[in-house]
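Report on the structure
Single-letter residue listing:
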Amino acid sequence: MKQTYLLLFTTILFFFACKQEEKKQLEIYGWNILTDHTPTALHTLEASANYKVNQLQLSYDICHELRDVKHQWNRNIVNNLTEKAHETGINEVLVWDHALYDLKYYPERFTINGKINLDKRDFWEWIIEDYEKMLNKIPDIDGIVLTLNDTETKIENQHSEVLNTPEEKLATFVDSLAGLIVEQRNLKLYLRYPVHSEKEVETLLSFLEQIKTPGIKFIANSLPGDFLINQQYSAWVEKIPIPVLIDFDCVHVNEGQGIVASVFTDLHLKLWKSYQAMPNVVGFSLRTDRLGKSSILGRPSEINLFTVYAALQNPEIETDSVILNFLYKNYDSLAVPYFYDAFKLAPEIIMSSFYTLGINTSEQSEINFSYQPSFIHKITLGESEDARIEIGHGVNQSFHYWSDIVNHLAPAEYKNPENGILSSLQEVEAGNWLQPEERIDTTYLNYILTEKKYAINQAFEAISKVNMAKPYCKNSRTFNRIYHTFNRTLLTAKLRKAYAQVYYANRIWNRGEEFQNEKLASLIKDGVTEIQITSEDIKRYRRKGPTGQYNWAEDAETAMNLVQKIKNSDIWQDISEEL
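Below is a short write-up of the structure. (Residues numbered from 1 in each chain as written. Predicted model: local features only at pLDDT ≥ 70, side-chain atom pairs only at ≥ 80, totals over all residues. Heavy atoms only, no water.)

Digging into the overall build of the protein
Tallying secondary structure elements over the protein gives 18 helices and 16 strands in all. Taken over the C-alpha trace, the protein has a radius of gyration of 25 Å; the compact-globule value for 579 residues is 25 Å, and the two agree within 12%. Projected onto the principal axes, the alpha-carbon positions of the protein cover approximately 75 × 65 × 45 Å. When each of the 579 residues of the protein is scored for burial, the buried share is 58%. Counting only contacts in the protein whose residues sit at least 6 apart along the sequence, the fraction spanning at least 24 positions is 77%. As presented, the protein carries roughly 24400 Å² of accessible surface, and 46% of it is formed by carbon and sulfur atoms. (Helix = DSSP H or I, 4+ residues; strand = E, 2+ residues; numbered from the N terminus. Rg over C-alpha atoms; globule rule 2.2 N^0.38 Å. Buried < 20%, exposed > 50% of the residue type's maximum accessible area, 1.4 Å probe, protein only. Contact = heavy atoms within 4.5 Å. Areas by Shrake-Rupley, 256 points an atom, 1.4 Å probe, with all protein chains shown as cover.)

Right under this line is the structure:
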């Protein structure tokens, strides 16, 4: 077995060497640091040399809006990290900005009927002067990343009798700022405009065509909207008329943030192969943390960013080769076959625990089976015209995404045609796919529990493979990082199965007496017991992982809140009588 893996690894190295002359030459190899935890950020900078990073973005807790540098804490972090990055050899350091800020930030004399009056010349003069002051506080940065739609005050919604379209307003704002940022200060300017609909794609492509300032680049998310992995790559990126960077969420904000086995080699490989072939794509930016101490560097999820580099070196490389190359580079060779098996199992475990029949049932990884945005994210269904989706994970069936899955899993109030959160999706309304009443039933509960049990079984298999590698690991700390990552994954799968069982069974029970029976009562009561046991295991677990935006241990508290809610309701008495 060892000889087989070593032979394959030798073949990988040879294949890398043969492909060197064929690889596409890109301009930018970027990383993005979100955390203001200085030791974590400095560790990221140290590791960047191993990946030949030449661009660094400082965002979120460091500088999410340029006005953040008015605070000494943020200003000092930006200036210190900029200096360290330049010393490391990174020649382009960028800070994030969003436009516009909340309305109260701007002097009242520039507003009309609760909107900014874009026709007032002194507004533009004020904006340029404000940006000049802010940029003076961080004199060594090399550019700005400007987000134009995920903002409190959208530019395209502001008042103007001169600028008649959203595209004109956006292009005018960009060119006005570019006059200062690009032409006067000789800084780089990158634009972001995360899209959630075809209409937003049309707006984006149109306003980019209207921008007059040369040298501006665009940053596109590797997956549409909020990086949900039930999406496909955005083919429209190739239509963007200016150079493009692809922004990869290597941490997986919706899938455990690296605290569990957020390992998606095949996903990132396919994404980068698709984008790398586009003539307007000039590089990438890889997110390395999700706030706090949550860096993926030195952890199993580092393979996500490693994958992009592997595909850059060899556009024809396959998933198995990437995994083996990463493992042999970082772990003892005799342990690799066992770690390889665990890494191969990881994506299916996460997809069947953090997702429920294709819907992401979490709120930025935190357990939440009724998170409203999860039901309005329109997944990419590829070539399918009938909106069907294939669900594996032991279920192994084809479903209509809206009339089957969303119609049964979404709470009734979300489907109200008058004011429900799904009422804005025109194609769903036109298809008459949703009924406003509660539709969850035991058939779909069985599908859900089949999927969640599949996740647990796969997680048990993965941790057993990790344990088999232990005798071959010389460094106990390195082994422990993998072991605890996969053990947390197992506990997560158990908790989310129990939570799903109680949550959905409770909704069925509430549909009325015709749905209430001894079997359903047992499911609720057994699920409550499972939540209590697993929550206690999580609370007592010594290695809870790094804390960032996602605090893994808090899922246990969330689950126990559901238990308390059940026990405080009439249902608990009814269940006791039923049994």
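What to know about the sheet that holds strand β3 (residues 92-98)
Read around the closed barrel, the eight strands follow the order β1-β2-β3-β6-β7-β8-β9-β10; overall the barrel is parallel. The sheet shows a mean angle of 25° between the axes of neighbouring strands, direction not considered. Relative to β3, strand β2 (residues 55-58) runs parallel, the two sharing four bridges. Among the inter-strand pairings, Gln55 is bridged to a residue of β3, identified as Glu92. In the packing of helix α5 (residues 166-184) onto the sheet, contacts are made with β6 (143-147) and β7 (188-192), and the angle to β7 comes to roughly 155°. (Pairing = 2+ DSSP bridges. Axes fitted to C-alpha atoms, helices over the stretch in contact; angles between N-to-C directions.)

A short note on the pattern of salt bridges
What the rule picks out here adds up to 17 salt bridges. Between Arg67 and Glu65 there is a salt bridge whose closest N-O contact spans 2.6 Å. For the pair Arg67 and Glu65, one class covers both residues: buried. Residue Lys344 is joined to Asp320 by a salt bridge in which the shortest nitrogen-to-oxygen separation is 2.8 Å. With Lys344 in helix α10 (residues 336-353) and Asp320 in helix α9 (residues 319-330), the pair connects residues that are 24 residues apart, well separated along the chain. Through salt bridges that share partners, Glu65, Arg67 and Asp102 make up one connected network. (Salt bridge = Lys/Arg side-chain N within 4 Å of Asp/Glu carboxyl O.)

Details of a negative patch on the surface
A cluster of acidic residues, Glu513, Asp570, Asp574 and Glu577, forms a negative patch at the surface. Relative to the helices and strands, Glu513 is located in the loop between α15 (476-509) and α16 (518-540). (Patch = residues over 30% accessible without salt bridge, like charges linked within 9 Å, V, L, I, M, F, W, Y side chains within 5 Å. Lys, Arg positive; Asp, Glu negative; His and termini not counted. Charge placed at Lys NZ, Arg CZ, Asp CG, Glu CD.)

Some words on the packing of α15 against α16
Two numbers describe how α15 lies on α16: the axes approach to 8 Å, and their chain directions differ by 150°. Classified by the interaxial angle, the pair formed by α15 and α16 is roughly antiparallel. Between α15 and α16 lies a crossing whose hand is left-handed. Among the residues forming the contact of α15 with α16, the class breakdown is 15 nonpolar, five polar and five charged. (Parallel < 35°, antiparallel > 145°, perpendicular 65-115°, else oblique. Left-handed = near helix turned anticlockwise from the far one by under 90°. Nonpolar A, V, L, I, M, F, W, Y, C, P; charged D, E, K, R; others polar.)

So, the packing of aromatic side chains
Taken as a whole, this structure holds 37 aromatic pairs when the rule is applied. Geometrically, the ring pair formed by Tyr60 and Trp96 is tilted, given 5.6 Å between the ring centres and 45° between the ring planes. Here Tyr60 is found in the loop between β2 and α3 (72-88), whereas its partner Trp96 is found in strand β3, with 36 residues between them in sequence. Residue class for Trp96 comes out buried when judged on its relative accessible area of 1%. The interplanar angle of 50° and the centroid separation of 6.0 Å between the aromatic rings of Phe399 and Tyr444 together place this pair among those described as tilted. Residue Phe399 is found in strand β16 (residues 397-400), and its partner Tyr444 is found in helix α14 (residues 442-469); the two are separated by 45 residues along the sequence. Here the aromatic residues Tyr101, Tyr105, Tyr106, Phe110, Phe123, Trp124, Trp126 and Phe173 are joined through ring pairs into a cluster of three or more. The aromatic ring of Phe354 is capped on one face by Arg496, whose charged end is 3.9 Å from the ring centroid. (Phe/Tyr/Trp six-rings, centres within 6.5 Å; stacked < 30°, edge-to-face > 60°. Lys NZ or Arg CZ within 6 Å of the ring centre and 35° of its normal.)

Overview of the environment of Glu316
Note on placement: Glu316 falls in the loop between α8 (302-313) and α9. Classification of Glu316 by relative accessible area gives partly exposed; the value is 45%. Distance from Glu316 to Leu425, taken between C-alpha atoms, is 39 Å for residues 109 residues apart in sequence.

Examining the pairing of strand β10 (residues 281-287)
Of all seven residues making up β10, seven are buried, and the element is well covered by its neighbours. Examined bridge by bridge, strand β1 (residues 28-33) and β10 share five bridges and lie parallel to one another. Looking at the pairing, Ile28 lines up with Gly283 of β10. Pairing geometry for strand β9 (residues 244-248) and β10, over five bridges, is parallel. Opposite Val244, over in β10, you have Val281 as the bridge partner. At this point the chain moves from β9, through helix α7 (residues 265-276), to the parallel β10, and the crossover so formed is right-handed. (Right-handed = clockwise from strand over helix to strand, strands pointing away.)

Description of the packing of α9 against α10
Each pair of packed helices gets described by two things: the angle between the helix axes and the distance between those axes. Two elements in contact, α9 and α10, have axes whose closest approach is 10 Å; the angle formed by their N-to-C orientations is 130°. Judged by the inter-axis angle, α9 sits oblique to α10. For the pair α9 and α10, the sense of crossing is right-handed. Two secondary-structure elements touch here, α9 through Asp320, Ile323, Leu324, Phe326, Leu327 and Tyr328 and α10 through Val336, Phe339, Tyr340, Phe343 and Lys344. A per-class count over the contact of α9 with α10 returns nine nonpolar, no polar and two charged.

Observations regarding the nonpolar core
In terms of nonpolar packing, the biggest core is built from 196 residues, with Leu191 and Trp272 touching the most fellow members. With 16 residues, α15 is the largest single contributor of residues to this core. Sequence-distant contacts of Trp272, that is, excluding residues within four places in its chain, are made with Leu26, Ile246, Phe248, Val281, Gly283, Phe284, Val308, Ala311 and Leu312. Listed in part, the eight residues of the second largest apolar core include Ile28, Val145, Leu245 and Val282. (Core = buried A, V, L, I, M, F, W, Y, C linked by side-chain atoms within 4.5 Å.)

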